[in-house]
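Notes for the structure review
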Amino acid sequence: MKKGIFYIPCYPKKTELHQIVEEIKESVIFCDKNNFKDSYFGEHLADKYEKITSSLSIISAVSTLTKKISLASLTTNLTFYHPSVLAAHLSLIDNLSKGRFVLGIGSGSNISDVESLDLIGEDNRYKMYEILSLTKKLLKSKSLVNLKSKNFNISTKKKGNKSLGLGFYNPLYKDRNNLEIVLPALNPNSNNVKTAAKNLWSIVISNFCSDDVVKNHIDSYLRHSPLKKKDALNKIKLARFIFVSNNKTKMDNLFKKESPYMGVLNTLHTKLKYYNRLDCFGDLKNLSTKSIAKKLFIYGDKKLVSIKIKSLVHEYGKIGSLVYTHVPNTGNKYFDQSLRLFSQCK
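Residue positions are given per chain, counting from 1 as you read along its sequence in written order. Only residues with pLDDT of 70 or above have their local features reported here, since the model is predicted, and side-chain atom pairs are shown and tallied only from 80 upward, although totals for entire chains, interfaces and linings are computed over all residues. Each side-chain value is worked out from all heavy atoms of the structure, with water and hydrogens disregarded.

1. Remarks on the layout of surface pockets
Rolled over the atoms, a probe as big as a water molecule pinpoints where empty space is left. Grid spacing is 1 Å over the protein atoms alone, the probe is 1.4 Å, and a cavity is where that probe fits but cannot get out, while a pocket is an open set with protein on both sides within 12 Å along at least five of seven lines and lining residues have an atom within 4 Å of a point. Grid points are joined across faces, edges and corners, and a volume is the space filled by probe spheres set on the points. Reported here for the largest pocket is a volume of approximately 1100 Å³. Those elements that place two or more of their residues in the lining of the largest pocket are β5 (101–106), α4 (111–116), α5 (124–140), α6 (191–198), β9 (202–205) and α9 (260–274). The residue makeup of the lining of the largest pocket, split by class, is 16 nonpolar, 16 polar and 5 charged. There is about 430 Å³ of room inside the second largest pocket. What lines the second largest pocket is a set of 19 residues, among which Tyr11, Pro12, Thr15, Pro260 and Pro328 lie closest to the centre. Here a strand is any run of E in DSSP of at least two residues, a helix any run of H or I of at least four, and the numbering for each starts at the N terminus. Broken down by secondary-structure element, the contributors of at least two residues to the lining of the second largest pocket are α1 (17–33) and α9. Counting residues per element, the lining of the second largest pocket draws most heavily on α9, which supplies 5 residues. Gly counts as polar in this scheme, as do all residues outside two lists: the nonpolar Ala, Val, Leu, Ile, Met, Phe, Trp, Tyr, Cys and Pro, and the charged Asp, Glu, Lys and Arg. For the lining of the second largest pocket, a count of residues per class yields 7 nonpolar, 8 polar and 4 charged.

Given below as C-alpha cells:
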C-alpha cells in the first residue's frame, strides 16, 4: 500500500508557530525523499492548538523543497475566499509545485472560524461548490471573463485590456485540466463521500473513524462511483494514527498522558465533543480516549505494523494510500523515530 502523511497539525498551546512550520518542512522533505505518495495539510484561522492558518501558504513553503510528493490541502475552506482570489492563488501554487497540487475543499470545520467571517447561518455548503465551479472556470479561461452566479458577479470586461494583458487569469501548471479534488470523510453516511464518488473526486477517511465507519465510507464510495472497483478504491485514502517502535517493552507508553499521540487525540476529541461531532468514532464514541486509542491506533514494531497494513488491504481492498497522521516531535526518540520506521514498513 502506498503511503501518505497528514499534517493536521495539532500541537501544545505553548509551541511557537515558527517551530511548527520548521518541523513540518523537515518532515515533508523526509517523506518526499522516502517515496511517500501524498501529503495533506490542514488549516484553521484562529486556533491555539492548530496554528497553521493557511494550507495554501504551507504548501507554497514546501513546494520548492520537495520534488515528487503530491501536496494537498485538507482542506482549503473555499467559503473564506472570493473565487478571483482563490483562482489566482491556486494557479501560483500549482506552478510552484509543478503540477503536484491537490485541492481539498471544505467550508470551515471550526465554527469559531466561520463565526469570525460572519458566515454562520449562510448556506456554506452550497457556496463552497459555487466557488469551486467559478474558480475552475477562471483557471480555464482564455479571455476576459464575465461570470454570474447566485452570490458572485465576476467580470474583467469593462476595465480589462487584451493588448496590455489586463483581466486575464493565469492557468494551472502547463495549462493542465486534471486538478484532483479531495473531500474529507468523517461521520457515517457522509454526503461528502457520495458527492466525491459521483464526481470522480478522492476522499480521505479521517484518522478518527472507527472500523465500522471506515467500512461505511468505503461501501458508500463504491456504491455511488461510476468507476470500476479497482479505480474507485484508488480514489480512497485512509488516515490513521500509526506508531512504530522496535522497543516492545515500552509500548504501553503510547497510551500514557505524556504521549504526543494521546495529546493530539485528547485535544481533538474534546473539540469534536464540544461541536457534538463524535459520530466519526462510530461504535467507539462512548469509550474513554485511552480505550479509543487502543482500538483505533495502528501500533507495534516494523514487522507487526507491516502485517497490520497487509490486513487492511485484505479487509478494504487496495485503496489509494495509507496516510500517517503527524504528531509533534517531543525530543524523545521513542516517539520521534516512528515516522522513519513507518517509512520502512512494507
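On we go from here.
2. Let's talk about the side chain of Lys271
Mapped onto the fold, Lys271 is located in helix α9. Residue classification places Lys271 among the buried residues on the basis of a relative accessible area of 18%. Once residues within four sequence positions are removed from consideration, Lys271 is found in contact with Asp47, Tyr49 and Glu50. Residue exposure (1.4 Å probe, protein chains only): buried if accessible area is under 20% of the type maximum, exposed if over 50%, otherwise partly exposed. The contact definition used throughout considers only heavy atoms, calling two residues in contact when any of these lie within 4.5 Å.

3. Re the packing of α6 against helix α7 (residues 211–224)
Packed helices, taken two at a time, are described by their axes: the angle between them and the distance between them. Two numbers describe how α6 lies on α7: the axes approach to 8 Å, and their chain directions differ by 35°. Taken as a pair, α6 and α7 cross one another with a handedness that is right-handed. Across from Val193, Lys194, Ala196, Ala197 and Lys198 in α6, the residues of α7 making contact are His217, Ser220, Tyr221 and His224. Taken together, the residues that form the contact of α6 with α7 break down as 4 nonpolar, 3 polar and 2 charged. Axis angles are defined between N-to-C directions and span 0 to 180 degrees, where every axis is a line fitted to C-alpha atoms and, for a helix, only to the segment in contact. Crossing handedness follows the turn of the near helix against the far one: under a right angle anticlockwise gives a left-handed crossing, and clockwise gives a right-handed one.

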